[in-house]
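One letter stands for each residue in the lines below.
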2 protein chains.
Amino acid sequence: MSSTPGAIPARTPEATPARLRVIPSRLLAGVAAVADRLVGDRLAAEGAHKWHFAVLVALDEAGAASQAELSRRTGIYRSDMVAVLNQLSDAGCIRRDPDPADRRRNVITLTSAGRRRLERLDTLITDAQRELLAPLTPEQQEQLTDLLGILTDHHRPQHPGRADGE
Amino acid sequence: MSSTPGAIPARTPEATPARLRVIPSRLLAGVAAVADRLVGDRLAAEGAHKWHFAVLVALDEAGAASQAELSRRTGIYRSDMVAVLNQLSDAGCIRRDPDPADRRRNVITLTSAGRRRLERLDTLITDAQRELLAPLTPEQQEQLTDLLGILTDHHRPQHPGRADGE
DNA sequence: GACGAACGTTAGCCACACCAACGTTCCTGT
DNA sequence: ACAGGAACGTTGGTGTGGCTAACGTTCGTC
């Protein structure tokens with residue numbers, strides 16, 4: 001009975017407890033949510049979603065691919081990929097043709113409209129990152145990205161069979 | 001028609017495009033998901049959730065409080081707080097008494113069982129953080145926490161009415 | 001004494017990650 | 001040659017988490 005039961009002691013309006021403000025997983029969740037909102041809002045203003053951007057980048061960088069491969073490259077589930085590609089296709093950003101070499105697959109190809117779209121979305125994303133990282137110095141921004149990169153590499157999606165040098 | 005349409009060129013099995021691996025918001029989302037799974041799994045093994053931990057910490061650190069205030073301290077919505085407190089109450093971790101000074105409120109008090117529970121959960125959370133940050137040096141771990149702290153502070157929950165120096 | 005605001009509570013919505021199943025097509029072993 | 005298993009694209013469904021809406025109660029204030 002260290003505190004008087006029945007009366008709320010402190011009047012400190014509201015402040016996140018110090019012990020919570022120091023837990024990395026919690027900080028990560030919070031900042032990730034902010035980042036997601038920042039990115040999501042800008043993309044939504046153009047009728048886009050982050051998935052669209054991810055797919056467009058994957059196509060632009062590694063060239064045409066099957067849906068399954070895009071799935072693996074972007075981390076988007078095959079199931080969800082269908083809808084994303086439908087929308088991108090409707091917008092004329094990609095073409096989806098049956099693969100003559102493997103009739104199970106579709107070959108997804110980036111169109112020039114898609115490349116233009118990508119450029120636009122890239123700007124928005126970059127802006128969002130800038131706003132997100134605004135309170136950090138350029139060195140800190142790089143530090144953060146590096147650290148997150150290390151963690152991302154270490155905690156692989158899954159390691160269903162050691163894939164690389166191990 | 002720079003690429004042969006109808007054939008998938010590279011055979012590179014799957015690799016996240018470099019441009020995606022460098023976008024902070026994306027890295028954050030990924031690492032936050034890993035962290036959440038790490039923490040969530042351990043807590044689930046004891047029938048707990050991260051919310052329980054947050055509430056217990058808030059109570060332990062700042063003393064008894066109303067549900068609304070706990071809401072503000074932890075970031076958990078008032079609506080969801082109800083269920084969390086029900087569970088904590090069922091487990092005997094807290095007491096929920098009407099506040100004699102304000103009959104709208106309940107005074108939430110941490111019991112000794114709750115304090116014991118908190119200690120246990122704290123161990124689990126700490127373990128999870130350790131596993132999460134394993135690939136980083138102690139200095140890097142501190143750096144990361146600091147950087148995330150800065151971002152958390154800057155991007156306030158909301159600022160619905162200029163709260164601070166403005 | 002009336003009105004607006006805060007409280008606790010219930011119910012529900014929506015976005016997102018994930019899983020299950022199916023028909024098609026391919027690859028492999030025998 | 002052919003049977004079995006695996007990968008592909010697709011549809012539909014599940015579960016969880018953040019958030020909103022509304023309501024009755026109680027407080028503070030004018």
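Residues numbered from 1 in each chain as written. Chains lettered and ligands numbered in written order. Predicted model: local features only at pLDDT ≥ 70, side-chain atom pairs only at ≥ 80, totals over all residues. Heavy atoms only, no water.

With that settled, the discussion passes to the overall build of chain A. Across its full length, chain A carries six helices and two strands. Per-residue burial for chain A yields a buried fraction of 39% across its 166 residues. A separation of at least 24 residues holds for 50% of the contacts in chain A among residues at least 6 apart in sequence. With an accessible surface of roughly 9400 Å², chain A has 51% of that area assigned to carbon and sulfur atoms. (Helix = DSSP H or I, 4+ residues; strand = E, 2+ residues; numbered from the N terminus. Buried < 20%, exposed > 50% of the residue type's maximum accessible area, 1.4 Å probe, protein only. Contact = heavy atoms within 4.5 Å. Areas by Shrake-Rupley, 256 points an atom, 1.4 Å probe, with all protein chains shown as cover.)

The next point concerns the interface of chain A and chain B. At the interface, 69 residues of chain A touch 69 residues of chain B. For the pair chain A and chain B, the two sides together bury roughly 6200 Å², of which 65% comes from carbon and sulfur. For the pair chain A and chain B, the number of links is six salt bridges. Taking the shortest distance from any N to any O, the salt bridge between D153(A) and R21(B) comes out at 2.1 Å. Taken together, the links from chain A to chain B amount to 16 residue pairs in polar contact (both at pLDDT 80 or more). Every element with two or more residues in the side of chain A that touches chain B is listed here: α1 (24-44), α2 (50-62), α3 (67-74), α5 (112-133) and α6 (138-154) of chain A. (Buried area = accessible area lost by both parts, 1.4 Å probe. Salt bridge = Lys/Arg side-chain N within 4 Å of Asp/Glu carboxyl O. Polar contact = N/O pair within 3.5 Å; in protein donor to acceptor, adjacent residues only side chain to side chain.)

It is worth spelling out the protein's contact with DNA strand D at this point. Near DNA strand D there are 20 residues, and of these Q67(A), A68(A), R72(A), Y77(B) and S79(B) occur at the shortest range. Across the atoms of DNA strand D situated within 4 Å of the protein, the share located in sugar and phosphate is 75%. Contact between DNA strand D and Q67(A): a phosphate oxygen at 2.8 Å from a main-chain N or O atom of the residue. Within the residue set of the surface near DNA strand D, elements represented by two or more residues are α3 and α4 (78-90) of chain A together with α2 (50-62) and α4 (78-90) of chain B. Grouping the amino acids of the surface near DNA strand D by side-chain chemistry returns four nonpolar, six polar and ten charged. (Near = heavy atom within 4 Å. Nonpolar A, V, L, I, M, F, W, Y, C, P; charged D, E, K, R; others polar.)

All right, on to the protein's contact with DNA strand C then. Taken together, 20 residues surround DNA strand C, and among them Y77(A), S79(A), Q67(B), A68(B) and R72(B) come closest. Considering the 4 Å shell around the protein, atoms of DNA strand C inside it are sugar or phosphate in 77% of instances. Contact distances for DNA strand C include 2.9 Å between a phosphate oxygen and a backbone N or O atom of R103(A). If you list the elements that add at least two residues to the surface near DNA strand C, you get α2 and α4 of chain A together with α3 (67-74) and α4 of chain B. Split into classes, the residues belonging to the surface near DNA strand C amount to four nonpolar, six polar and ten charged.

You can see T109(B) is positioned in strand β2 (residues 106-110). Once residues lying within four places of it in the same chain are set aside, the contact partners of T109(B) are A64(B), C93(B), I94(B), R95(B) and D97(B).

One way to put it is that α6(A) packs onto helix α1 (residues 24-44) of chain B with a least axis distance of 9 Å and a crossing angle of 40°. Classified by the angle between their axes, α6(A) and α1(B) sit oblique to one another. You can see that α6(A) and α1(B) cross each other, and the crossing is left-handed. Listed contacts from α1(B) to T145(A), L148(A), G149(A), L151(A) and T152(A) of α6(A) are P24(B), L27(B), L28(B) and V31(B). (Axes fitted to C-alpha atoms, helices over the stretch in contact; angles between N-to-C directions. Parallel < 35°, antiparallel > 145°, perpendicular 65-115°, else oblique. Left-handed = near helix turned anticlockwise from the far one by under 90°.)

Next up on the list: helix α6 (residues 138-154) of chain B. A rise of 1.5 Å per residue sets the reference length of α6(B), with its 17 residues, at 24 Å; its end C-alpha atoms lie 24 Å apart and thus fit the reference within 8%. Among the residues of α6(B), L144(B), T145(B), L147(B), L148(B), G149(B) and L151(B) are the ones counted as buried. Residues of α6(B) that are buried sit in contact with α1, α5 and α6 of chain A together with α1 of chain B. (Expected span 1.5 Å × (residues − 1).)

Turning our eyes to something else, we now look at the packing of α1(A) against α1(B). At a minimum axis distance of 8 Å, the contact between α1(A) and α1(B) shows a crossing angle of 140°. Note that α1(A) runs across α1(B); the crossing there is left-handed. Where α1(A) abuts α1(B), its residues S25(A), L28(A), A29(A), V31(A), A32(A), A35(A) and V39(A) lie against S25(B), L28(B), A29(B), V31(B), A32(B), A35(B) and V39(B). The class makeup of the residues in the contact of α1(A) with α1(B) is twelve nonpolar, two polar and no charged.

Counted according to the given criterion, the structure contains 28 salt bridges over all chains. Across the pair R95(B) and D97(B) runs a salt bridge whose closest N-O atoms are separated by 3.2 Å. Of the residues examined, D97(B) reaches a relative accessible area of 28% and is grouped as partly exposed. The residue R105(B) makes a salt bridge to D102(B) at a minimum N-O spacing of 3.1 Å. Salt bridges here are not isolated pairs; linked through shared partners, they connect R19(A), D60(B), R115(B) and D122(B).

Our next topic: the confidence of the model for chain A. Predicted confidence across chain A gives a mean pLDDT of 88, with 86% of residues reaching 70 or more. A low-confidence stretch, residues 1-12 of chain A stays under pLDDT 50, and its non-local contacts, those more than four residues away or across chains, total 13 contacts. (pLDDT = per-residue confidence, 0-100.)

Turning next to α2(B). In a regular helix each residue adds 1.5 Å, so 13 residues correspond to 18 Å; α2(B) covers 18 Å between its end C-alpha atoms and thus fits that length. All of the buried residues along α2(B) are H52(B), F53(B), A54(B), V55(B), L56(B), V57(B), A58(B) and L59(B). Where the residues of α2(B) are buried, they touch α1 of chain A together with α3, α4, β1 (94-98), β2 and α5 (112-132) of chain B. Of the residues trailing α2(B), G63(B) is marked for its positive phi of about 80°.

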